[in-house]
Amino acid sequence: MSNPAMQAFDPIPSIRRQVSVTVAPDLSGVDKAGAVAVPVDATNKDARVAGLDREALSAAGFDAKRGQTLVIPSAGEHVFVAVGLGSGETVSAALVRDLAGSFARAVPRQLHLAVQMPASPTALTPREFAQAVTEGVLLARWRFFLGKGREESLLDSLLIAGPDEAADEMREGIRIGVALSRASNLGRDLANCPATTLSAERMTAVAREVGPGAGLEVEAFGKAALIEMGCGGLLGVNLGSAEEPQLIRLHYKPESPTGRLALVGKGIMYDSGGISLKPSDESHAQMKNDMTGAATVLASMTVLRELGCTTEVIGYLCCTDNMPSGTALKLGDVLTMRNGTTVEVLNTDAEGRLVMADGLALSVEDGVDAIIDIATLTGACLRTFGVDIAGVMGNNAALMAQVKAAGAAADEPVWELPLHRPYRRQLESSVADMTNMGGANAGSITAALFLEEFVDGRPWAHIDIAGTGQLPAADAWRNKGATGFGTRLLAEVAVNFQRAV
């Protein structure tokens, strides 16, 4: 670190923490200080929790609305938490994940938690139920904190009680849930880490630390290599930075792969806007997380081997700062990208598409079957969908369907915007092949049209997580701050990938 006042914090603390998640036939294994979740259906007037009937629960303000919780101290060994199921709700994985997160959040000081699998049958298998509970609890209990209490335990154990005949299925669900939660929390750690600590070169170090153990080959290309490779997008955006750029290539190759998929992530480690300086408002104060796309690609790929993924996956993390200085990229400059396309820069704050263009072009050279890119790309997408839904655009209906299905399964929803090609004329330049900026309207679409220029007609989907990458307040298993949105979605796509037709 050039400034000794800036401590080099651990950028990935969550993967150092171990939580015991087990299966038992009953709740006898819960620690005496533990908390037990008791789901309550709003339509069940005979429900009781810790000896309290519905009338007593209602008097305490508990109406069993979806996600509502009531902590009930008891004279016995456990704290009980009534968790509302809502009225007439279908018991889906998303509901169980939400309720498990609400339960874990309702008792923040309890380090031993337990959940009883419902006795009555539901649409979920024991494996699906256990996976959703595990994810909800572990994701809700994640915390990235750099103060004096950063070493405190956030959770020691989770016990899921169910019948003996379902134990093996539940253990498999727990195994998957633990793996996906760990990956998602890794992505959250990286996106929350201060930019001074997590430079592009430090991102390479993280990839080298976590990649090999997950079966990933890791290569990194610095400034000199990028010059030889002709990656003008990354080099151009990096011009104003004191830190070198890094193009990090991850490779997961199973035996007898059933397909080849490329994932490209925007890795702007800090986005000041460059010469087109951002305003100093609350939203732009979070620009340390403009590398969330790269974080989710890395995080999702660390879990592929554990999930038994048979798809060969190549990841490109396109990492650099975007800073103003005497050497910074200027308006009117023309960059030559990896595939030879020249781009006139009309706005240095439209930099994410520049660095990803090089990653997309390299993915084409890898001869993959399909490409998915993910980025905190446009404020227009945030204004369109808010913080709950990501935008998605692409050139292939079959691939788009896979991305949408993966988002639904992970409860990381995406919504398709039209790739309206008449808007491509907004990117025309009089001095280069194209500009990096469209008009005042349809910013998410013109950004996607820019990216499409670098996929050479291959099946491709672009996920814009500008809104979903950051939450202003906690909600069920979703924490305030960087969300890790896209990590479980990308893993789901890779595991179930089918060559697009």
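This one's a predicted model, so the numbers in the text were calculated from it and none came from an experiment.

Caption draft 1: Spotlight on unusual backbone geometry. Positive phi is not limited to glycine here, since Ala-64 has a value of about 65°. Mapped onto the fold, Ala-64 is located in the loop between helix 1 (54–59) and strand 3 (69–72). For Ala-64, a relative accessible area of 0% corresponds to the buried category. Positive phi is not limited to glycine here, since Asp-411 has a value of about 55°. Note that Asp-411 resides in the loop between helix 11 (397–410) and strand 15 (414–416). For Asp-411, a relative accessible area of 18% corresponds to the buried category.

Caption draft 2: A look at the packing of aromatic side chains. If you walk through the whole model with that rule in mind, you get one aromatic pair. On the numbers, 5.3 Å between centres and 45° between planes, the contact of Phe-450 with Phe-454 is tilted. Residue Phe-450 shares its accessibility class with Phe-454, and that shared class is buried. A cation over an aromatic ring shows up here: Arg-488 above the ring of Trp-477, its NZ or CZ 4.8 Å from the ring centre.

Caption draft 3: Highlighting the side chain of Asn-192. Here Asn-192 is to be found in helix 4 (residues 167–192). On the basis of relative accessibility, which here comes to 12%, the residue Asn-192 falls in the buried class. Apart from residues lying up to four places away in sequence, Asn-192 is in contact with Trp-142, Phe-144, Lys-288, Gly-481 and Ala-482.

Caption draft 4: Structural detail: the packing of helix 4 against helix 13 (residues 487–495). Put simply, helix 4 and helix 13 touch, their axes get as near as 8 Å, and they point 130° apart. What the angle tells us is that helix 4 and helix 13 run oblique. Every residue of helix 13 that contacts helix 4 at Leu-180, Ala-183 and Ser-184 is listed here: Thr-487, Arg-488 and Ala-491. In terms of residue class, the contact of helix 4 with helix 13 is built from three nonpolar, two polar and one charged.

Caption draft 5: A look at the sheet that holds strand 11 (residues 334–336). Strand order across the open sheet formed by three strands is 11-12-16, with mixed pairing between neighbours. The two strands at the open ends of the sheet, each matched to only one other strand, are strand 11 and strand 16 (434–435).

Caption draft 6: Inspection of the environment of Gln-116 at higher detail. Looking at where Gln-116 falls in the secondary structure, it is placed in strand 5 (residues 112–116). Remark: the alpha-carbon pair of Gln-116 and Ala-24, spanning 92 residues in sequence, is separated by 9.5 Å. Non-local contacts of Gln-116, meaning those with residues more than four positions away in its chain, are made with Leu-27, Ala-37, Phe-129, Ala-161 and Gly-162. Only 3.4 Å separates the side chain of Gln-116 from the backbone oxygen of Ala-161, close enough to count as a polar contact.

Basis of the calculations
- Residues numbered from 1 in each chain as written.
- Predicted model: local features only at pLDDT ≥ 70, side-chain atom pairs only at ≥ 80, totals over all residues.
- Heavy atoms only, no water.
- Helix = DSSP H or I, 4+ residues; strand = E, 2+ residues; numbered from the N terminus.
- Buried < 20%, exposed > 50% of the residue type's maximum accessible area, 1.4 Å probe, protein only.
- Phe/Tyr/Trp six-rings, centres within 6.5 Å; stacked < 30°, edge-to-face > 60°.
- Lys NZ or Arg CZ within 6 Å of the ring centre and 35° of its normal.
- Contact = heavy atoms within 4.5 Å.
- Axes fitted to C-alpha atoms, helices over the stretch in contact; angles between N-to-C directions.
- Parallel < 35°, antiparallel > 145°, perpendicular 65-115°, else oblique.
- Nonpolar A, V, L, I, M, F, W, Y, C, P; charged D, E, K, R; others polar.
- Pairing = 2+ DSSP bridges.
- Polar contact = N/O pair within 3.5 Å; in protein donor to acceptor, adjacent residues only side chain to side chain.

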